[in-house]
Amino acid sequence: MENMIESRKRIATAEAESHARMLELCWSFRAQLERVQSGMSPADYICAEALKTFLLRASGVR
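None of the values given here were measured: they were computed from a predicted structure. Position numbers for residues start from 1 in each chain and track the written sequence from start to end. For a predicted model such as this one, the threshold for reporting local features is a pLDDT of at least 70, and the threshold for listing and counting side-chain atom pairs is 80 or more; totals across whole chains, interfaces and linings nevertheless cover every residue. By convention in this description, side-chain values take in all heavy atoms of the structure and omit both hydrogens and water.

J.: What exactly am I supposed to notice about the overall build of the chain here?
T.: Under the scheme used here, helices are H or I runs from DSSP no shorter than 4 residues and strands are E runs no shorter than 2 residues, and both carry numbers assigned from the N terminus. Helix and strand content of the chain: 2 helices and 0 strands. Dimensions along the principal axes, computed over C-alpha positions, put the chain at roughly 60 × 20 × 15 Å. As displayed, the chain has an accessible area near 5000 Å², and 60% of this comes from carbon and sulfur atoms. Of the side-chain charges in the chain, 9 are positive and 8 negative, and the distance between the mean point of each set is 4 Å. Surface accessibility follows the Shrake-Rupley procedure with a 1.4 Å probe radius. Residue values consider only the protein chains on display as shielding. Counting rule applied: Lys, Arg positive; Asp, Glu negative; His and chain ends not counted. One atom stands in for each charge, and that atom is NZ of Lys, CZ of Arg, CG of Asp or CD of Glu.

Here it is in structure tokens:
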């Protein structure tokens, strides 16, 4: 029984670390998009804005 509890704790820790890393990557990618947006065509700019919105929603920011 103790092994099951320890295993669940390890899994929960790994999931939390993965989620934190995903958020970090989302914010980093969003920042990169903002740096290059000024040189984008109007269509690319719209796509970049949509992607940034998606990343924010995926990371739990409303």
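J.: Mind showing me how you'd approach helix α1 (residues 2-36) here?
T.: Along an α-helix, residues three or four positions apart point the same way, because every turn accommodates 3.6 residues. To estimate the expected span of a helix, count its residues, drop one, and scale the result by 1.5 Å. With 35 residues, α1 extends 52 Å from end C-alpha to end C-alpha; this agrees with the ideal 51 Å at 1.5 Å per step. Relative accessible area decides the class of each residue, using a 1.4 Å probe on protein chains only: under 20% of the type maximum gives buried, over 50% gives exposed, and in between gives partly exposed. Every buried residue of α1 is listed here: Cys 26, Arg 30 and Leu 33. The inward-facing, buried residues of α1 contact α2 (42-58). A contact between two residues is defined here by any heavy atoms of the two lying within 4.5 Å.

J.: In this structure, what is going on with the pattern of salt bridges? I would like to understand it.
T.: A side chain with one charge can pair with a side chain of the opposite charge if their charged atoms come near. We define a salt bridge as a side-chain nitrogen of Lys or Arg found within 4 Å of a carboxyl oxygen belonging to Asp or Glu. Scanning all chains against the criterion turns up 4 salt bridges. The partner of Arg 21 in a salt bridge is Glu 24, and the shortest N-O contact between them spans 2.6 Å. A residue pair is termed a helical-turn pair when its members lie 3 or 4 positions apart in one helix, as Arg 21 and Glu 24 do in helix α1 at 3 residues. Accessibility expressed as a relative area gives 43% for Arg 21, which makes it partly exposed. Notably, a salt bridge pairs Lys 52 with Glu 34, separated by 3.6 Å at the nearest N-O pair. Taken together, the residues span a long stretch of sequence, with Lys 52 in helix α2 and Glu 34 in helix α1 at a distance of 18 residues. Classification of Lys 52 as buried rests on a relative accessible area of 5%. When salt bridges with common partners are traced through the structure, they connect Arg 30, Glu 34, Glu 49 and Lys 52 into a single cluster.

J.: Can you help me understand the state of the cysteines in this one?
T.: When the sulfur atoms of two cysteines share a covalent bond, that bond is a disulfide. Note on terminology: pairs of cysteine sulfur atoms within 2.5 Å are recorded as disulfides. On inspection of all chains with the given rule, the structure shows 0 disulfides. Of all cysteine sulfurs in the structure, the one in Cys 26 sits closest to Cys 47, which takes part in no disulfide; the separation is 18 Å.

J.: I would appreciate a short explanation of the side chain of Arg 30 in the present structure.
T.: Within the secondary structure layout, Arg 30 lies in helix α1. Arg 30 sits in the buried class, given a relative accessible area of 19%. When near neighbours in sequence (up to four residues on either side) are disregarded, Arg 30 contacts Lys 52, Leu 55 and Leu 56.

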